[in-house]
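Chain by chain, the residues:
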Amino acid sequence: VTKIADDAFKNKKFIKSVYIPESITEIGKGAFIGCTNLTSIEIPNSVKHIDNNAFHGCNKAMHLDLPDSITVISMGLAAGSQIEEVIIPEGVKAIELDAFGNCKRLRDVVLPTTLEKIERGVFWNCGSLKEITIPQSIKSLGSEIFYDCKALSGIDIPTSITQLPSYCFYNCIS
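What counts and what doesn't
Residues numbered from 1 in each chain as written. Predicted model: local features only at pLDDT ≥ 70, side-chain atom pairs only at ≥ 80, totals over all residues. Heavy atoms only, no water. Helix = DSSP H or I, 4+ residues; strand = E, 2+ residues; numbered from the N terminus. Contact = heavy atoms within 4.5 Å. Areas by Shrake-Rupley, 256 points an atom, 1.4 Å probe, with all protein chains shown as cover. Lys, Arg positive; Asp, Glu negative; His and termini not counted. Charge placed at Lys NZ, Arg CZ, Asp CG, Glu CD. Salt bridge = Lys/Arg side-chain N within 4 Å of Asp/Glu carboxyl O. Buried < 20%, exposed > 50% of the residue type's maximum accessible area, 1.4 Å probe, protein only. Core = buried A, V, L, I, M, F, W, Y, C linked by side-chain atoms within 4.5 Å. Pairing = 2+ DSSP bridges. Axes fitted to C-alpha atoms, helices over the stretch in contact; angles between N-to-C directions.

Student: I would appreciate a short explanation of the overall build of the protein in the present structure.
Tutor: Helix and strand counts for the protein come out as 0 helices and 14 strands. Counted from the first residue to the last, the protein has its helices and strands arranged as β-β-β-β-β-β-β-β-β-β-β-β-β-β. Projecting the C-alpha coordinates of the protein onto the three principal axes gives extents of approximately 45 × 25 × 20 Å. Taking contacts inside the protein between residues at least 6 apart in sequence as the whole, the part at least 24 apart equals 21%. Only carbon and sulfur atoms are counted for the fraction: they give 49% of the accessible area of the protein, which is about 8200 Å². Each charge sign in the protein was given a centre, from 17 positive and 20 negative side chains, and these centres are 7 Å apart.

Below you can see the structure in the form of structure tokens.
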């Protein structure tokens, strides 16, 4: 087995933790979507691609270690989950649409120096996010990136960003 199929474990509420073996190279779209009791997942460096919405709606406090082998954080990866911290590995070049949107408990984010693009709404409604540093390598920021991040009070924006997109800090009231 080299791939976890699309929707393979969709809405399996009994799953609490997952260890993915080294033989797996891809996690399919929505593979663990709606696994509401999932709290821990170990992903080996053999995994090269994690498809859209793989961990969407995992609403327990989840620990997610992303492998160093991925180069893109897919659309909606952990959207709506209760993840509290995310460390994006070095080598990642892009974070796609809504990857961590509506992660209301997300408070700590570490972005790699290899990151070039952050798409629309990646951190929208992350109400616990207080600070973030955008790396100098960023060439493009999507609109609504920090939309409704009410606790956001500190952000370092590199000189490589010459224009802030629409609604970038909409309803950021801190």
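Student: Explain the pattern of salt bridges here, please?
Tutor: Any two side chains of opposite charge can pair, on the condition that their charged atoms come close. Tallied over the entire structure, the rule returns 9 salt bridges. Among the salt bridges present, the one from Arg107 reaches Glu84, with a minimum N-O distance of 3.7 Å. Taken together, the positions of Arg107 in the loop between β9 (94-95) and β10 (108-110) and Glu84 in the loop between β7 (72-73) and β8 (85-87) put the pair 23 residues apart, joining distant regions of the chain. The exposure class of Glu84 is partly exposed, given its relative accessible area of 22%. Between Arg107 and Asp108 there is a salt bridge, with the nearest N and O atoms lying 3.5 Å from each other. Look at Arg107 and you get partly exposed, because its relative accessible area is 40%. Sharing partners across several salt bridges, the network here consists of Glu84, Arg105, Arg107 and Asp108.

Student: Looking at this model, I keep getting lost on the nonpolar core. Mind explaining?
Tutor: It is characteristic of soluble globular proteins that their nonpolar side chains tend to be buried jointly. Of all hydrophobic cores here, the largest spans 51 residues; its most connected members are Ile27, Phe55, Phe100 and Phe123. Once residues lying within four places of it in the same chain are set aside, the contact partners of Phe55 are Ile27, Phe32, Leu38, Ile41, Ile43, Ile50, Met62, Leu64, Leu77, Ala78 and Ser81.

Student: Please clarify how the sheet that holds strand β2 (residues 17-19) should be interpreted in this entry.
Tutor: Strand pairs in the sheet, formed through backbone hydrogen bonds, run parallel or antiparallel to each other. Spatially, the 3 strands line up as an open sheet ordered β2-β4-β6, and their pairing is parallel. Because the sheet does not close on itself, it has two edges, and the strands there are β2 and β6 (63-65). Going across the sheet, the axis of each strand differs from the next one's by a mean of 10 degrees, ignoring polarity. With 3 bridges connecting them, strand β4 (residues 40-42) and β6 associate as parallel partners. Across the sheet, Ile41 pairs through a bridge with Leu64, a residue of β6.

Student: Sorry, what's going on with the environment of Glu22 here?
Tutor: Structurally, Glu22 is set in the loop between β2 and β3 (26-27). What makes Glu22 exposed here is its relative accessible area of 53%. Placed 20 residues apart in sequence, Glu22 and Thr2 show a C-alpha to C-alpha distance of 8.7 Å. Not counting the four nearest positions on each side in its chain, Glu22 is found in contact with Pro44 and Ser46.

Student: Quick question: what am I supposed to make of the sheet that holds strand β1 (residues 3-4) here?
Tutor: Spatial ordering of the open sheet is given by β1-β3-β5, a layout of 3 strands whose pairing is parallel. The sheet terminates laterally at β1 and β5 (49-50), the two strands that pair on one side only. When β3 meets β5, the two strands line up parallel, connected through 2 bridges. Looking at the pairing, Ile27 lines up with Ile50 of β5.

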